[in-house]
Amino acid sequence: MAVDVVPVALGARSYEVRIGPGLIGRAGAEILPLLRRRRVAIVTDESVAGLHLSALVAALAAEGIAATSLSVPAGEATKGWPQLSRVVEWLLEEKIERRDIVIAFGGGVVGDLVGFAAAILRRGVRFVQIPTTLLAQVDSSVGGKTGINTAQGKNLVGAFHQPALVLADTMVLESLPARDFLAGYGEVVKYGLLGDAAFFDWLEANAPDLARDAAKRQHAVRRSVEMKAGIVERDETEEGERALLNLGHTFCHALEKATGYSDRLLHGEGVAIGCALAFELSQRLGLCAQEAPSRVRAHLRAMGMKVDLSDIPGDLPGAEGLLDLMGQDKKVVDGQLRFVLARGIGQAFVATDVPRGAVLTLLQDALAAPRG
Ligand code: GLY
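Each value, and the rule that gives it
Residues numbered from 1 in each chain as written. Predicted model: local features only at pLDDT ≥ 70, side-chain atom pairs only at ≥ 80, totals over all residues. Heavy atoms only, no water. Helix = DSSP H or I, 4+ residues; strand = E, 2+ residues; numbered from the N terminus. Buried < 20%, exposed > 50% of the residue type's maximum accessible area, 1.4 Å probe, protein only. Contact = heavy atoms within 4.5 Å. Areas by Shrake-Rupley, 256 points an atom, 1.4 Å probe, with all protein chains shown as cover. Lys, Arg positive; Asp, Glu negative; His and termini not counted. Charge placed at Lys NZ, Arg CZ, Asp CG, Glu CD. Core = buried A, V, L, I, M, F, W, Y, C linked by side-chain atoms within 4.5 Å. Near = heavy atom within 4 Å. Polar contact = N/O pair within 3.5 Å; in protein donor to acceptor, adjacent residues only side chain to side chain.

**Quick notes on the overall build of the protein**
Here comes step 1: Summing up its helical and strand segments, the protein has 13 helices and 11 strands in all.
Here comes step 2: Along the first, second and third principal axes, the C-alpha set of the protein runs to 60 × 40 × 40 Å.
Here comes step 3: The 372 residues of the protein split such that 56% are buried.
Here comes step 4: Considering only intrachain contacts with a sequence separation of at least 6, the fraction spanning at least 24 residues in the protein is 74%.
Here comes step 5: Only carbon and sulfur atoms are counted for the fraction: they give 52% of the accessible area of the protein, which is about 14,500 Å².
Here comes step 6: Both charge centroids of the protein, one from 40 positive and one from 44 negative side chains, sit 4 Å from each other.

**Some points on the environment of R36**
Here comes step 1: Along the polypeptide, R36 turns up in the loop between α1 (27-31) and β3 (39-45).
Here comes step 2: Between the C-alpha atom of R36 and that of L300, which follows or precedes it by 264 residues, the distance is 47 Å.
Here comes step 3: Setting aside anything within four residues of it in sequence, one finds R36 in contact with R99 and R126.

**What to know about the nonpolar core**
Here comes step 1: Within the largest apolar cluster, 101 residues are counted, with the highest numbers of intra-cluster contacts made by I31, I103, I130, Y185 and F251.
Here comes step 2: Looking at this core, the element that brings in the most residues is helix α10 (residues 267-284), giving 9 residues.
Here comes step 3: Residues contacting I103, with those up to four places away along its chain left out, are I31, V40, A41, I42, V43, L56, L60, V114, V128 and I130.
Here comes step 4: Residues L70, F116, A118 and V125 belong to the second largest nonpolar core, which totals 23 residues.

**Observations regarding the site of the ligand**
Here comes step 1: Around the ligand lies a shell formed by D139, K145, K228, E238, R242 and L245.
Here comes step 2: A distance of 2.9 Å separates an oxygen atom of the ligand from a polar atom in the side chain of K145.
Here comes step 3: R242 has a polar side-chain atom sitting 2.7 Å from an oxygen atom of the ligand.
Here comes step 4: Notes on the ligand: free accessible area 190 Å², of which the protein chains cover 88%.

What follows is the structure, given as structure tokens:
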């Protein structure tokens, strides 16, 4: 299968996202033109290292590129100050210079952490993203958002630092646990819902095959990346349109916080529930017809995804508690909750004037729904 190339046109910071099966096996040839000396530093996590690091190192060696590597623990807890300083100091000890390339090899946690380390190392070194999860391939590896979590919240410390290249090997997704694949799918469906009704139609018909059909999987990743690239080109630093990528995320961040960022709720699962709630809120506010939230819910259910608050195991805070957690979201501007709402499937927009009472009632009703 041919490799798809999606350009991200950002002037001097432009780069390509290359998408296709087997790209890890060709990583040396893909990366070589970027190098000024045949040496790179790879940062990965312990799970990805066990599965794929030797293949990446061999692919680099095939082009005479020496690689040194560091594996950090897998999981969201790694995205904080201690591992950031560990990565930065390791890169300094490895004498990675301004003209060198650092490779972020893993999912969203590794991409965000290593991208931020590259942003601050020697005031900025170039890095290549090799995302190994569906979520990272369609969202977090593209667009240059990097950062870490702090005690105050997620992604509150970071930088915009665009990668020099993204290699999305769609074959590697076959080794993902089913739950992680589906969670990543939450971000794929988000693109259809926010701006491409025809893509949502396509997903309704084809998404059940994505895990086993390589061509359909590649199409879904490519269309998602095309949409993200377009939005990032028009609004790199999220002054406007880029906020649409946060469809479902105000609800999601509150739910993630309420569940302690544990495996009770994966990020992409929270995005899917958040999208269903955002469409329900839009319908209640008279912005879209009932058909829209019904289709969203039916599709997520058909995919076997979490849709309702009752799908999250364990207790949740009450509606007021969840609303308070939303107020702590970094997307809050001047204390006003910003929601991405929709006038229909594929027609999202940012609303800053959502009545608090409407959100509260929505949450009360969602919490009262019986467990399925
Ligand atoms: N993940 C949202 C963004 O990149 O803006």
